Amino acid sequence: MANPIWIMTSAFDQLNLEQTIEKANEIGVQGLDLCVFRRDGTRDDFVATHLDYENFSVNEAKKLIDQFNAASLRLSLGAFENLIGGDPAQRIKNQNHLLRLIRMAYLLGGDENDVKVGTFVGYNHELGNEDGGFEKNLLEYQRIFKPIIQYAADLGVSILYENCPMEGWRSSGHFGTFNNLPGVLAARKLMYQLIPEKNHGEIYDPSHDIWQHTDPVEVIKHTDMTRLQRIHVKSTRNNPDPFWGNMYPMHQIPEDWAKKAGIPSSTNPWDRHHYEATLPGFGLGDDLDWRAFVNILKEKGFTGPFEIENEAVLSKQTGKMGAIVQGCKAAVQNLAPLFYELTDEGWVFPASEHQTLIEVNRKDIQIVKMDDLQG
């Protein structure tokens, strides 16, 4: 099978769903990973809400399936927040929102239609600051997520964790920048040991391992492929730093100290590691060998979607829709020869491999909250 290329819709937060579908067809992708963040959430970076999660019904699910079939697109859902740490009130809202998305995925056919639910786990720094803090975070993950995973399993829905460490989620005054539990492969392996159910897995983004000076090819060699469901198309250009090194994060220090010493210092939580977000084939080279990466995935039998997560400095971060679309088109064209057979039209996804979404006609179910699962 030829791997389809999708787009994660956080790049199109300026557009509504209909406009985003139009852009997807213009770019030439085969699916959308729909971002459905809380409208009252605390994040303001690379977020979007492309479905009305508060009024999602059986009828809305049917309309959405028809809409995506008419556009020859497939879909998934996701929202990426801290579910085991941070402000306790926000934590509960994030957990309940994930349960909403699981219900929505169920109404859309869940695993029958390959409609997965993407999420972060987050990190609890109160526990993390204690002796054995990493182990305690794993146990907190198990406590919170076990009933969520079981609820999803009962509905035929799978949950996928993205491996971004969310290095900018706390101020530059903190020493560590590990803010999302599945940010390293070791943690993901332990998570599956603690919750062995098969309906949770991962979205792997190679860019996060690159700035951690870890080879994504080696990560895939050690990945349980039954858990790997999505790949993010995003990369990184590392910028070596002689002052702070490239193992620990740069810190915030008084401006006059930095000026007198002639050294850089952190001015915002996201500049602490020395890299630039890129897209393959657009403007800058990056530090990932995409041919080697795609080849190891093929060898391991990965047939899932490659999702363009456009956070590139020269594309999404310009704020210009033309540059956003241009970056996505460049990524598609750059990857096409690695994925597809050569035809008279060039390297293109074979239309014969498109699978329409099934009309599942689910019965409606009530919205549940964490209190219902844990009570």
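Residues numbered from 1 in each chain as written. Predicted model: local features only at pLDDT ≥ 70, side-chain atom pairs only at ≥ 80, totals over all residues. Heavy atoms only, no water.

Caption draft 1: Spatial organisation of the overall build of the chain. Per the secondary structure count, the chain includes 12 helices and 12 strands. Against the compact-globule benchmark of 21 Å for 375 residues, the chain has a radius of gyration of 20 Å, which places it among compact chains. In terms of overall dimensions, the chain has C-alpha extents of about 65 × 60 × 40 Å along its principal axes. For the chain, the residues scored as buried account for 55% of the 375 residues in total. Taking contacts inside the chain between residues at least 6 apart in sequence as the whole, the part at least 24 apart equals 78%. Counting every atom, the chain has about 16300 Å² of accessible surface; 50% of that belongs to carbon and sulfur. (Helix = DSSP H or I, 4+ residues; strand = E, 2+ residues; numbered from the N terminus. Rg over C-alpha atoms; globule rule 2.2 N^0.38 Å. Buried < 20%, exposed > 50% of the residue type's maximum accessible area, 1.4 Å probe, protein only. Contact = heavy atoms within 4.5 Å. Areas by Shrake-Rupley, 256 points an atom, 1.4 Å probe, with all protein chains shown as cover.)

Caption draft 2: Quick look at the environment of Leu373. Looking at where Leu373 falls in the secondary structure, it is placed in helix H12 (residues 370-374). Residue Leu373 is classed as partly exposed on the basis of its relative accessible area of 28%. The contacts of Leu373, once residues within four sequence positions are left out, are Leu99, Pro147, Ile148, Tyr151 and Val368.

Caption draft 3: Highlighting the packing of aromatic side chains. Under the counting rule described, the total for this entry stands at 16 aromatic pairs. Between the aromatic rings of Phe145 and Tyr161, the centroid separation amounts to 5.8 Å while the plane-to-plane angle is 70 degrees, which identifies the pairing as edge-to-face. Highlighted residues: Phe145 in helix H5 (residues 133-154) and Tyr161 in strand S5 (residues 159-162), separated in sequence by 16 residues. This pair shows no difference in class: Phe145 is buried, exactly as Tyr161 is. Aromatic rings pair up to connect Phe302, Phe306, Phe339, Tyr340 and Phe349 into one cluster. Taking NZ or CZ as reference, Arg227 lies 4.3 Å from the ring centre of Tyr192, over its face. (Phe/Tyr/Trp six-rings, centres within 6.5 Å; stacked < 30°, edge-to-face > 60°. Lys NZ or Arg CZ within 6 Å of the ring centre and 35° of its normal.)

Caption draft 4: Highlighting the nonpolar core. In terms of nonpolar packing, the biggest core is built from 108 residues, with Phe12, Leu34, Phe68, Leu77, Ile102 and Phe145 touching the most fellow members. Element by element, the count of residues in this core is highest for helix H11 (residues 321-339), at 11 residues. (Core = buried A, V, L, I, M, F, W, Y, C linked by side-chain atoms within 4.5 Å.)

Caption draft 5: Seen up close, the side chain of Asn180. The topology assignment puts Asn180 in the loop between S5 and helix H6 (185-194). A residue is classified by how much of its surface remains accessible, and Asn180, at 0% relative accessible area, is buried. At 3.0 Å, the side chain of Asn180 forms a polar contact with the backbone nitrogen of Val121. Residues within four places of Asn180 in sequence aside, it is in contact with Phe120, Val121, Gly122, Tyr123, Glu162, Asn163, Cys164, Pro165 and Met166. (Polar contact = N/O pair within 3.5 Å; in protein donor to acceptor, adjacent residues only side chain to side chain.)

Caption draft 6: Representation of the sheet that holds strand S6 (residues 200-204) within the structure. Strand order in the closed barrel made by the 8 strands is S1-S2-S3-S4-S5-S6-S7-S10, with parallel pairing throughout. Taking each pair of neighbouring strands and ignoring which way they run, the sheet shows an average axis angle of 30 degrees. Relative to S6, S5 runs parallel, the two being bridged by 4 bridges. Residue pairing across strands places Tyr161 opposite Glu202, the latter belonging to S6. (Pairing = 2+ DSSP bridges. Axes fitted to C-alpha atoms, helices over the stretch in contact; angles between N-to-C directions.)

Caption draft 7: Molecular detail of unusual backbone geometry. A positive phi angle, close to 60 degrees, is found at His213, a residue other than glycine. Here His213 shows up in the loop between helix H7 (206-211) and helix H8 (216-221). Its identity as a non-glycine residue notwithstanding, Asn361 has a phi of 50 degrees, on the positive side.

Caption draft 8: Inspection of the pattern of salt bridges at higher detail. The tally for this structure, following the rule as stated, stands at 24 salt bridges. In this structure, Lys316 engages Asp13 in a salt bridge whose closest nitrogen and oxygen atoms are separated by 2.5 Å. Taken together, the residues Lys316 in the loop between strand S10 (306-308) and H11 and Asp13 in the loop between strand S1 (5-8) and helix H1 (17-27) connect sequence positions 303 residues apart. On the accessibility criterion, Lys316 (11% relative accessible area) is buried. Judged by its relative accessible area of 40%, Asp13 falls in the partly exposed class. With its nearest N and O atoms 3.7 Å apart, the salt bridge here joins Lys146 to Glu197. Linking Lys146 in helix H5 with Glu197 in the loop between H6 and S6, this pair joins segments that are 51 residues apart in sequence. A residue is classified by how much of its surface remains accessible, and Lys146, at 36% relative accessible area, is partly exposed. Residue classification places Glu197 among the partly exposed residues on the basis of a relative accessible area of 23%. (Salt bridge = Lys/Arg side-chain N within 4 Å of Asp/Glu carboxyl O.)

Caption draft 9: How the structure looks around helix H2 (residues 58-70). Its 13 residues place the ends of H2 18 Å apart at the C-alpha level, agreeing with the 18 Å of an ideal helix rising 1.5 Å per residue. Positive phi shows up at Ser72, right after H2, with a value of about 55 degrees. (Expected span 1.5 Å × (residues − 1).)

Function cannot be inferred from these measures alone, as they are strictly geometric.
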